[in-house]
Amino acid sequence: MKRFDYLAPQSIEEALALLSERPDANILAGGTNILVQVKEKHRDVSALLSLRQIGELHQISKKDGLHIGAAVTMRQLANDPGVQQNYVALAQAAGLVGSVQTRNMATVGGNICNASPSADTVPPLLALGAQAV
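Trainee: Please clarify how the environment of leucine 66 should be interpreted in this entry.
Mentor: Tracing the chain through its elements places leucine 66 in the loop between β4 (60–61) and β5 (67–68). Sequence spacing of leucine 66 and glycine 82 is 16 residues, and the spatial spacing of their C-alpha atoms is 9.2 Å. With sequence-adjacent residues up to four places away left out, leucine 66 is seen in contact with Ile60, Ser61, Val83, Tyr87 and Leu90.

This is the structure in structure tokens:
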């Protein structure tokens, strides 16, 4: 595997600053797709910018509707009592993603942005009128 830089911002502001300095960086959340693509040489990267240490991206909030951080894992989404109760299709879709190990790593943001035909959370999000910010 070719060497690449690993960028680990602590905040959204720091991530945006790093992206402006390194527009070549690929964003890494759970890594279930991009790391496989890099390893199998289907994607060439010079830098990965990790979202792992940006706490607010790992949160689910139910204030004024449902707000899901881009780095929320499928397991987190599927097991959230409020999502299970009020957004049944979304909880079920998240619970069907890959294996247990994949659900522990795969993120909502990655599931939406990877453009995979198996973007399991996209149909319920569309049906619920979700908006990406």
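Still to come is the rest of the account.
Trainee: Please explain the pattern of salt bridges as it appears in this structure.
Mentor: Where charged atoms from two side chains of opposite charge approach closely, those side chains can pair. The final tally for this structure, using the stated rule, is three salt bridges. Residue arginine 22 pairs with aspartate 5 through a salt bridge whose shortest N-O separation is 2.7 Å. Remark: aspartate 5 occurs in strand β1 (residues 5–7) and arginine 22 occurs in the loop between α1 (12–21) and β2 (26–28); sequence separation between them is 17 residues. The partner of aspartate 24 in a salt bridge is arginine 22, and the shortest N-O contact between them spans 2.9 Å. Linked through salt bridges whose partners overlap, the residues forming this network are Asp5, Arg22 and Asp24.

Trainee: Looking at this structure, how should I read the sheet that holds strand β3 (residues 47–50)?
Mentor: Hydrogen bonds between backbone atoms are what pair the strands of a sheet, whose relative direction is either parallel or antiparallel. Taken in spatial order, the three strands make up an open sheet running β1-β3-β2, and their pairing is parallel. Pairing within the sheet leaves two strands with one partner each, and these edge strands are β1 and β2. Strand-to-strand, the axes of this sheet are offset by a mean angle of 30°, without reference to chain direction. Pairing of β2 with β3 involves three bridges; the strand directions are parallel. Note on β3: the bridge partner recorded for asparagine 26 is leucine 48.

About the cut-offs
Residues numbered from 1 in each chain as written. Predicted model: local features only at pLDDT ≥ 70, side-chain atom pairs only at ≥ 80, totals over all residues. Heavy atoms only, no water. Helix = DSSP H or I, 4+ residues; strand = E, 2+ residues; numbered from the N terminus. Contact = heavy atoms within 4.5 Å. Salt bridge = Lys/Arg side-chain N within 4 Å of Asp/Glu carboxyl O. Pairing = 2+ DSSP bridges. Axes fitted to C-alpha atoms, helices over the stretch in contact; angles between N-to-C directions.

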